[in-house]
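Summary of structural features
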Amino acid sequence: ALIDTLNPAARALYGETGINKSSQRRVQNYVEKGSNRDTQKAVAQAIYNSYIPLQTRRVGPLAPELQEISNYSNVKNSQKMSLEVFKEGADETSFSFTDGTKTRKVNTPKKDIEFAYEYIKQAWGLDPENTSILFKRPTGSSGNHLNNLAMKSPLNSKLRNAFITLEENKIKPSVENLFESLSQEARRIQTRNEKRPKNSPNREAGFKVLNPDVEHAKKNGLWLQSSFVGDAVVEGGVNVITKVMPSGRAISFISDVHDFLEKAPVVGKVLGKAFPETNLAVVGPLHQDVLGTKWASKAKAKAGLEPDEARRGISLDIDPTRRSSKEVLEDYVSVRPSAKGVAAETAKVAGRGMMTGGLAANASIEEE
């Protein structure tokens, strides 16, 4: 709130900790309401607070409680964008196979991580020199991105249909036939949508095959691009790239450039220029078995095909050290400035108040 710029306690709080007083108040209000959605809003508000010092390149101390908000939300906190940082962030999200009583880690090939980095950088038009990058946790009150990918991505049904059609025709899936099948489907949707207005409810959610040709797909893997609107309070439409394999497994990366000022068309453009840092958020790699879901089982049964009972489960590895959203939010709202800091800001505000009063008086006289 504007009034906080003249509030010595609020000024001291931000100066000493990086915590915004009005953000603190909003978080407290959401926490007191207590619903799951209000908790998500509280986490989103606190995340917003944690991003602003980064995007403005603020110089000064940050409270451990603000750092904990970042640790709760992210597997890797914000750093200057580079391929090495991207690789480190990708390594922090892990999945495991479960096969009977045995469990082993799912591997993400380095070349897939490198492909994802280059595509995401180009898709968003990012300059690494002016971009920070963080990796979000796939689940939690900060956003259930893994569930969103399973429930909302328009690509899932297209992939299932492609595999089921091949099985119906007794054709073993390969990069070549999947490339051909999915390319035809992408073109069909594009042609259909071109005949309808952009805001028409009859438009079909489409996707793109990123490989220019089948030889590229055979060398680099078959990569697809789609998008959807997530449930996280701080995100809108997200970009998703997915590598699909003939086995039915898929690897996805979700990316989003945070622009908290986009809904403020007047001040947003002005303040946006003052933010030298673009903040890229990535979730992934997210591993899925396209044919190992309940939706795939239903689709195969509908097509008269036998379910594949031998498919191994893939699950996200949960961090046992992660604190609860309640704990980190309670710590965040409890932070207070020092008495010394408040006294110093009180003196500053009093001096500025005298200057502002003088300017106002002069303005009043000139108007008369």
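Residues numbered from 1 in each chain as written. Predicted model: local features only at pLDDT ≥ 70, side-chain atom pairs only at ≥ 80, totals over all residues. Heavy atoms only, no water.

1. Side note on the overall build of the protein chain
Looking only at helices and strands, the protein chain has 14 helices and 10 strands in total. Within the protein chain, buried positions represent 41% of all 368 residues. Nonlocal contacts in the protein chain, meaning residues at least 24 apart in sequence, comprise 70% of its contacts between residues at least 6 apart. Accessible surface, the protein chain as shown: approximately 19800 Å² in total, 52% of it carbon and sulfur. (Helix = DSSP H or I, 4+ residues; strand = E, 2+ residues; numbered from the N terminus. Buried < 20%, exposed > 50% of the residue type's maximum accessible area, 1.4 Å probe, protein only. Contact = heavy atoms within 4.5 Å. Areas by Shrake-Rupley, 256 points an atom, 1.4 Å probe, with all protein chains shown as cover.)

2. Considering unusual backbone geometry
In the segment running from G284 into P285, the intervening peptide bond is cis, with an omega of 5 degrees. Note that P285 resides in strand β9 (residues 278-289). Even without being a glycine, K170 presents a positive backbone phi close to 55 degrees. Relative to the helices and strands, K170 resides in the loop between α8 (155-168) and α9 (175-194).

3. Let's talk about the packing of helix α5 (residues 83-91) against helix α6 (residues 110-123)
Helix packing for two helices is described by the angle between their axes and how far apart those axes are. For the pair α5 and α6, interaxial distance at closest approach is 10 Å and the crossing angle is 120 degrees. Relative to α6, the element α5 lies oblique. You can see that α5 and α6 cross each other, and the crossing is right-handed. For the pair formed by α5 and α6, the contact residues are L83, F86, K87, A90 and D91 on the first element and I113, E114, A116, Y117 and I120 on the second. Here the contact of α5 with α6 is built from residues that sort into seven nonpolar, no polar and three charged. (Axes fitted to C-alpha atoms, helices over the stretch in contact; angles between N-to-C directions. Parallel < 35°, antiparallel > 145°, perpendicular 65-115°, else oblique. Left-handed = near helix turned anticlockwise from the far one by under 90°. Nonpolar A, V, L, I, M, F, W, Y, C, P; charged D, E, K, R; others polar.)

4. Structural notes on the environment of A205
Its place among the elements puts A205 in the loop between α9 and β5 (208-209). With relative accessibility at 43%, the residue A205 sits in the partly exposed group. For the pair formed by A205 and N193, sequence separation is 12 residues and the distance between their alpha carbons is 8.9 Å. Setting aside anything within four residues of it in sequence, one finds A205 in contact with P154, K158 and I189.

5. Observations concerning the packing of aromatic side chains
Inspection of every chain in the model, using the stated rule, returns four aromatic pairs. Taking the centre distance of 5.2 Å and the plane angle of 70 degrees together, the rings of F86 and F135 count as edge-to-face. Of this pair, F86 sits in helix α5 while F135 is found in strand β4 (residues 131-136), placing the two residues 49 residues apart along the sequence. The burial state of F86 is the same as that of F135; both residues are buried. Grouping aromatic residues by their ring pairs yields a cluster made of F86, Y117, F135 and F253. Stacked on the ring of Y72, the Lys or Arg R322 has its end atom at 4.1 Å from the ring centre. (Phe/Tyr/Trp six-rings, centres within 6.5 Å; stacked < 30°, edge-to-face > 60°. Lys NZ or Arg CZ within 6 Å of the ring centre and 35° of its normal.)

6. Observations concerning the side chain of S70
In this structure, S70 sits in helix α4 (residues 64-73). Beyond its immediate sequence surroundings of up to four residues, S70 is in contact with S50 and N77.

7. Observations concerning the confidence of the model for the protein chain
Of all residues in the protein chain, 81% have pLDDT values of 70 or greater, and the mean over the chain is 81. For residues 260-272, every residue scores under 50 in pLDDT, and the model assigns this stretch 10 contacts once sequence neighbours within four places are set aside. Counting contacts from residues 354-368, a segment whose pLDDT is below 50, to residues more than four positions away or on other chains yields zero contacts. (pLDDT = per-residue confidence, 0-100.)

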